[in-house]
Amino acid sequence: MNESSSSLSTRRDFIKTTGRIAAASALAGVAIPSVHAAGSELIQVALIGCGGRGTGAADDALASHGGPTKLVAMADVFHDKLNTSFESLKRNCGDKVDVPEDRKFIGFDGYKKAMDCLKPGDVAIFTTPLAFRWVNFEYAIQKGLNVFMEKPLTADGPTTRRMLKLAEQASAKKLKVGVGLMSRHARPLQELQKRIQDGEIGDVILLRGYRMGGPIGSAFSTKWPGEPSELLWQIRHFHSFLWASGGCFNDFYIHHIDHLCWMKNAWPIKAQALGGRHYKVSPEGEPYVDQNFDSYSVEYTFEDGAKMIMDGRCVNGCNSIYSSYAHGSNGMAVVSHSNDCDPPSRIFKGQNLQRSNMLWESKNNPQERNPYRNEWNDLMDAIRNDKPYNETERGVKASLVSNMGRFAAHTGQEITFDEMLNHEHEYAPGVDKFTMDSPAPLRAGKDGKYPIPQPGIVKDREYRA
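Please read all numbers here as calculations on a predicted model, not as lab measurements.

Rules of the game
Residues numbered from 1 in each chain as written. Predicted model: local features only at pLDDT ≥ 70, side-chain atom pairs only at ≥ 80, totals over all residues. Heavy atoms only, no water. Helix = DSSP H or I, 4+ residues; strand = E, 2+ residues; numbered from the N terminus. Buried < 20%, exposed > 50% of the residue type's maximum accessible area, 1.4 Å probe, protein only. Contact = heavy atoms within 4.5 Å. 1 Å grid on protein atoms, 1.4 Å probe; cavity = no way out; pocket = protein on both sides within 12 Å on 5 of 7 lines; lining within 4 Å. Points joined across faces, edges and corners; volume = space filled by probe spheres on them. Nonpolar A, V, L, I, M, F, W, Y, C, P; charged D, E, K, R; others polar. Pairing = 2+ DSSP bridges. pLDDT = per-residue confidence, 0-100.

**Some details on the overall build of the protein chain**
Phase 1 of the analysis: Counting its regular elements, the protein chain contains 13 helices and 15 strands.
Phase 2 of the analysis: With the C-alpha coordinates of the protein chain rotated into their principal frame, the extents come out at 60 × 55 × 50 Å.
Phase 3 of the analysis: Across the 465 residues that make up the protein chain, the buried fraction comes to 57%.
Phase 4 of the analysis: In the protein chain, of all internal contacts separated by at least 6 residues, the share reaching a separation of at least 24 is 74%.

Written as structure tokens, this is what we have:
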């Protein structure tokens, strides 16, 4: 793709362009037949990326309402992950899992082989590290497949612009696309967002998100032991590397960033931030070589001057906070009571969280309590009933805003929406050509360590290899 010829130069251009996606979908229906499973027709599913999140997504797909579903193909670069996922899904879902050995694919081309097992209108699940998202999505569009893809979607400017173009292509083909930002499918948050937009807390002036706890996932890695290949080792430890995941900032904090921007019904125009590496040694005394900070604090600014604060910390022994809040001129709201989007959501008069000040508390239908199941029921309903449904644009914007915060912390510079969108540093060029023998896009130095952010020293990009 030629990025320079169609680069989106401003935030307004970006929003204007993405706003055309829905219109493109509607117009496309005149000439292009819809690609969906009508009514009770069987929908086949292929799982690309068989880690824990992929296994959970496949389980939710097979449990969705509205008609029969069946998992028919799986792909990964690791035998053990694919086999563990298959065994878990077979145990939980029984005959809905029909994946014989010849439909289990290992390797970087496995995504194509798995999708080749589907027919137009079936669903491909993408739960690999984000570097491969645009590659998988491009092939799914060629095949006429509906898609569910896990967040985040992008880590840099070039892939952000690329994914936006693919979103337009998907809508033009009337494909349905879900993105794993499940907060938007949490029914209490849906009601709270409507109440905030109806003015129940006045003008939104401040948003706060916190995810502060101990180290989790693969965000903190010691030196590559020499096997498997450096590329495969980095993929297995994807949270440690910006090219693979956007780092812990994107993967862990994007849910709060997304749903708080949703409460505001806007995306911020700039970000400034701070953060640091404090305890980069394992409990055994080995140095961590990953690219993450241990703590982040980002201040986002919206066009009307309102602020959003996102605080993240991965340090043992510190105060743990995992919740989010919205403050308005007439009151405040608890958006997520705990975790990424757990109820109850609440509205209070004034700015104090006192029970006597509470004006509203969310209720939840037990059958719709699980937002992961909700997002699959919503996607499958759109597929079976041919409703417009493409969450790619929103997923791209949430990823872009996450990228802004991370970039601001890692460089020590303020960065705008426009600058992040148009930044030219691509973290994993050529990812579509990876093989099992390819070198990693980021190579360890002689000391086994990887390039890390140096705020105030390296200002124009997050690291120099």
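**Regarding the layout of surface pockets**
To find the voids left in a structure, one rolls a probe of water-molecule size over its atoms.
Phase 1 of the analysis: Of the voids in this model, the largest pocket is the one considered here, and its volume is about 840 Å³.
Phase 2 of the analysis: At the level of elements, helix H2 (52-62), strand S2 (69-76), helix H4 (110-115), helix H5 (133-143), helix H8 (230-236), helix H9 (242-245) and helix H10 (247-264) are the ones that each hand at least two residues to the lining of the largest pocket.
Phase 3 of the analysis: For the lining of the largest pocket, the class distribution of residues is 21 nonpolar, 14 polar and 13 charged.

**What to know about the pairing of strand S12 (residues 331-336)**
Phase 1 of the analysis: Of all the 6 residues making up S12, 6 are buried; the element is thus mostly covered by neighbouring parts of the structure.
Phase 2 of the analysis: Two strands pair when backbone bridges link them, and strand S11 (residues 321-328) and S12 are joined in this way by 4 bridges, in the antiparallel orientation. Bridge pairing links His327 to Met332 in S12.
Phase 3 of the analysis: Pairing geometry for S12 and strand S13 (residues 346-349), over 4 bridges, is antiparallel.

**Quick word on the confidence of the model for the protein chain**
Phase 1 of the analysis: Here the protein chain averages 93 in pLDDT, and 92% of its residues register 70 or above.
Phase 2 of the analysis: Every residue in residues 1-9 scores below 50 in pLDDT, and together they form 20 contacts with partners more than four places removed in sequence or on other chains.
Phase 3 of the analysis: Taken as a whole, residues 14-32 scores under 50 in pLDDT and shows 31 contacts with residues more than four places along the chain or in a different chain.

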